[in-house]
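What follows is each chain in one-letter form.
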Amino acid sequence: MVNMGPQHPSTHGVFRMVMAVDGEVVVDVEPHIGYLHRGSEKLSENELYVQVVTLFDRLDYISNLNNEMVFCRSVEKLMGLEIPERAEYIRVILCELNRVASHLLFFGTFGLDAGAMTPVMYTFREREKIQSMFEMVTGARMMHNYIRIGGVKNDVPEDFHRRMHELIAELRKGIDESDKLLSFNEIFLARTKGIGVISADKAINYGMTGPSLRASGIPMDIRKDEPYSVYDRFDFGIPIGENGDCWDRYYVRVEEMRQSMKIIEQALDQIPEGSTITPTRLVLRPPKGEVYVRGENPRGELGVYLVSDGADRPYRVKVRPPSFCNLMAIKELIKGTYVADSVVILGSLDIVLGEVDR
Amino acid sequence: MSLLDLLKTISAIMGMLTVLSVIVLSLTLLERKFIGRIQMRKGPNRVGPFGLLQPVADAIKLVAKEDILPTWVDKVIYWVSPLVVFIPTFMIWVTIPVARDVVIRNLDMGLFYIIAFSVLSIVGLISAGWASANKYAIIGGFRAAAQLISYEIPIILSVLAIAMLAGSLNLERIVDAQATKPYIFLQPLGAFLFLCGGLAELGRTPFDIHPAESEVVGGPFVEYSGAHWSVFFLAEYINTFAIAALTTLLFLGGWLFPGLPGNVTASGVLVFLTKTYLVVLVIFWFRGTYPRLRIDQLMSLGWKVLVPLGFINVVVTAVALKTELPEIILGLISFVILASTFWIISVRMRTAPKPEYTVRLYDPSLEGLNAR
Amino acid sequence: MVENNNNGDKSPEEMVTLDEKGQFLEQTVPGLLSSYEIEIGRSSDTLALIIDPKDLLGIFNILKHDSQTYFDFLVCISVVDYIEYIQIVYHLLSTTKQHKLVVKADLDAGQPSISSLTSLWLGADWYEREGHDLFGVWFEGHPNLEPLLLYEGFEGHPGLKSYPLPEYKEW
């Protein structure tokens, strides 16, 4: 019996696994979550709609903007609110940038899990540039609260286009560099190829979404299946893996970063002028009803089931967090592997505990 | 032995301890600076000019830190283990010559003595893991035992071939035998085996399996803190330096360098240190670029690749000596074996054709959503 | 300022129409489930079925395996506390056909109990544990209904509307 976590460098937060080991082989594993449970859903029921956005920032604290966007879209859908096109484009650009930042973080920490200490420095350097960009646009590095119900907080700064193009060029170079450093390293391949394999049917049965599902060969991406915002106007591909092993889960994300940058470039070309927010009342009272809105987060499908009773606070907010569902498969994935593999497998799922525990 | 001799030996040992401590300090700084540069950072640069005083500050911090004694540890073993790891690493240095006659006691069985003593520190690692009463520590301890014992064999085999070539186990004579040709040209395979086994013995990337930080959180050292942890730390760096020094002595011609007098102490020490630090930098370079192997992969690499290669190396050397082949042919044979091994490994690791190592792009407009 | 509720008197069910896939489902699903008592409604722009809790497993078996519906993906299980009753909402999705369905079941607020879906979807496991944790819903047939998010020995079900929120105080 080995108790891995809640304090362990490779559990990406406060996740705990009780593993029964036979020498180096993991015979059984029991995951325990809930160390970061803050009751966000319950808290949301007691906040005004505009305030709930800040709570969503704190769910998946690596991809804040994507979270904000899903909640704002759900309220907008409930109210039938049209938002300006420029705001949609700004949202998409920032969300895709956030996706790149999130995958860069994954890239580095996955390298660390496999024992390589250099990739994390490379990717954090790139991620830092994105964070500065966020700071410039939204005023904050992490908890932005930038996407508001009805649009975005303010317009982008004047030299946004120039700096975005520069940033994209730098990111391309940086990602290629990190890719070259780690992806095809023989030892890295030996550590990740064929490890933690999950079949497509099993993955669907577990409700896995996002890159973890796509690595098993299923091209399920909400941006394509059910295009929201302005995603139907862009030309981009969905990277899918073949074996559903750790390496596929890793490389799908690397390719996804490249696709995201493609989207950003197209969005920068197409972005129209105009206002960035539809003015709304400060205290929103959406009509009575319920809505389920899905969005493609870096980790998979974030769903928000919002029930309104016509009051100024949501009656019920249920979050379907992608990491929560992806993490459910961990038992299946880890059983029968080595202790060292369990760390790599957990890393390849790319969980954020803030979202798992809510 | 007269009293004077005894005093001389003691003072020499004290001198060695001091010099080694200084070397360890320099190594820590060098490692941090070098890896910092690999990772496009600056490394420590706040304490003193260019961060030169950083190791001193670290040492003060380590000694001043609280020494935590967990409740369930086996106290005697827990406190003794660092020493068990530490003493053999120092004892090796008694017979490692830095330049001609710059050695505490040059033994005729020097190489044998070194190999024999370096294994002893394993005991310390296992007992540290056991005494810590921590599951990570015990996993780390067992990993260390498995790894260190299996990698001792390739080291011994490669050293054996060197001893056969030089006809001696005396390190000074081995260096003298390399006056015209460093053994790395005759024994590239042996050099590879030695460095590979040495890295594993040190527990450094890519073989840092027993202190693996992301898995067993430091392995046998997980419960140690403060001064006792720093003893392990010291031993690890001295071992690193020892492996680098042995590589220099056995394969790179020790203190000899074309054009420089081999008998002058100052130039000999300088050449020796330069070569050794270069080897150390190579070891650090590995650390900056490679991920970690898994324990079963490590064992299969050790037993299925390195040990057979070691035997082949010994046999080839023996046949070459018996039939008095020209040395250049021996070097060529050795090199061909090494190159073909690399080729076979890389082919085996890329068993699948290239396309498998890519992720394809899916375009629904082409294939339709019901493709699954 | 735009009036935030310009269709105030109409409920959202009347506002939106179903898309093609939704209409297809609206026609096929009642036929498939003719042996069960179901009520058809809307959840936003998706078709919603309101079913009797005791028919749950039978209905989901048909929905999952029938070639016309083939809902192989359980998106989410939400529990909503309506004070008089507790509603469980299942969101279903078909990965091949790309259509969605919402299934709702009303449970008794005093002793909410429903059969578990873990035999059909492994992914239902943690949702149900969470539902048990926060709302006290008993999922029959679930292999292991231990607390998931809350610590062991926690009293009460904090998701319920009746659970008091502690007063906020500065500290």
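Preceding this paragraph is the structure being described.
Residues numbered from 1 in each chain as written. Chains lettered and ligands numbered in written order. Predicted model: local features only at pLDDT ≥ 70, side-chain atom pairs only at ≥ 80, totals over all residues. Heavy atoms only, no water.

Points about the sheet that holds strand S8 (residues 300-308) of chain A
Residues and elements named next belong to chain A.
In step 1: Taken in spatial order, the three strands make up an open sheet running S7-S8-S9, and their pairing is antiparallel. Of all strands in the sheet, those bounded by a partner on one side alone are strand S7 (289-297) and strand S9 (316-320). Pairs of neighbouring strands in the sheet enclose a mean axial angle of 15 degrees, with direction left out of account.
In step 2: With five bridges joining them, S8 and S9 adopt antiparallel strand pairing. When the sheet's bridge partners are listed, Val-307 is paired in S9 with Arg-316.
In step 3: Running at roughly 150 degrees to S7, helix H3 (residues 64-79) makes contact with S7 and S8 of the sheet. (Pairing = 2+ DSSP bridges. Helix = DSSP H or I, 4+ residues; strand = E, 2+ residues; numbered from the N terminus. Axes fitted to C-alpha atoms, helices over the stretch in contact; angles between N-to-C directions. Contact = heavy atoms within 4.5 Å.)

Here we look at the interface of chain B and chain A
In step 1: Of the residues lining the interface, 38 residues belong to chain B; the matching set on chain A comes to 55 residues.
In step 2: Regarding the contact of chain B and chain A, the summed buried area is about 4,200 Å², with carbon and sulfur atoms giving 61% of it.
In step 3: For the pair chain B and chain A, the interface holds two salt bridges.
In step 4: We note a salt bridge from Arg-143 of chain B to Glu-24 of chain A, for which the minimum N-O separation is 2.5 Å. (Buried area = accessible area lost by both parts, 1.4 Å probe. Salt bridge = Lys/Arg side-chain N within 4 Å of Asp/Glu carboxyl O.)

Here we look at the packing of aromatic side chains
In step 1: Enumeration over the complete set of coordinates arrives at 32 aromatic pairs over all chains.
In step 2: Ring plane angle 10 degrees and centroid distance 4.3 Å describe the contact between Tyr-78 of chain B and Tyr-224 of chain B, whose orientation is recorded as stacked. Of this pair, Tyr-78 of chain B sits in helix H3 (residues 75-92) while Tyr-224 of chain B sits in the loop between helix H9 (188-202) and helix H10 (226-251); the two residues are 146 residues apart in sequence, bridging distant segments of the chain.
In step 3: For Tyr-224 of chain B, a relative accessible area of 5% gives the class buried.
In step 4: Between Trp-93 of chain B and Phe-241 of chain B the ring centres are 5.6 Å apart and the planes differ by 20 degrees, which places this aromatic pair in the stacked class. Here Phe-241 of chain B lies in helix H10 and Trp-93 of chain B lies in the loop between H3 and helix H4 (110-118), a separation of 148 residues in the sequence. Each member of the pair, Trp-93 of chain B as well as Phe-241 of chain B, carries the same accessibility label: buried.
In step 5: Connected via pairs of aromatic rings, a cluster forms that spans Phe-106, Phe-107, Phe-110, Phe-188, Trp-247, Tyr-250 and Tyr-251 of chain A.
In step 6: The ring of Phe-124 of chain A has Arg-127 of chain A sitting right over it, with the charged end atom 5.7 Å from the ring centre.
In step 7: Over the ring of Phe-106 of chain A we find Arg-253 of chain A; its NZ or CZ atom is 4.4 Å from the centre of that ring. (Phe/Tyr/Trp six-rings, centres within 6.5 Å; stacked < 30°, edge-to-face > 60°. Buried < 20%, exposed > 50% of the residue type's maximum accessible area, 1.4 Å probe, protein only. Lys NZ or Arg CZ within 6 Å of the ring centre and 35° of its normal.)

Here's the deal with the sheet that holds strand S2 (residues 46-51) of chain C
Residues and elements named next belong to chain C.
In step 1: Spatially, S1-S2-S5-S4-S3 is the arrangement adopted by the five strands of the open sheet, whose pairing is mixed. Either end of the sheet is taken by a strand with one partner, and the two such strands are strand S1 (38-43) and strand S3 (73-81). Strand-to-strand twist across the sheet, computed as the mean angle between neighbouring axes with direction ignored, equals 25 degrees.
In step 2: With four bridges joining them, S2 and strand S5 (residues 100-108) adopt parallel strand pairing. In the sheet register, Leu-49 faces S5, and the bridge partner there is Val-103.

What to know about the pattern of salt bridges
Residue and element names in this part refer to chain A.
In step 1: For the structure shown, the criterion picks out 44 salt bridges over all chains.
In step 2: Note that Arg-258 is salt-bridged to Asp-179, the shortest N-O span being 2.8 Å. In this pair, Arg-258 is assigned in helix H11 (residues 246-270) and Asp-179 in helix H6 (residues 160-182), connecting sequence segments 79 residues apart. Taken as a pair, Arg-258 and Asp-179 share a single burial class, namely buried.
In step 3: A salt bridge links Lys-202 to Glu-332; its shortest N-O distance comes to 3.0 Å. Of this pair, Lys-202 sits in helix H8 (residues 200-206) while Glu-332 is found in helix H13 (residues 330-334), placing the two residues 130 residues apart along the sequence.
In step 4: Its relative accessible area of 31% is what places Lys-202 among the partly exposed residues.
In step 5: On the basis of relative accessible area, Glu-332 is assigned to the partly exposed category, the value being 36%.
In step 6: Residues joined by salt bridges that share partners form a network here, namely Glu-96, Arg-99, Arg-214, Asp-221, Arg-223, Glu-256 and Glu-296.

That's the geometry; what it means functionally is another story.
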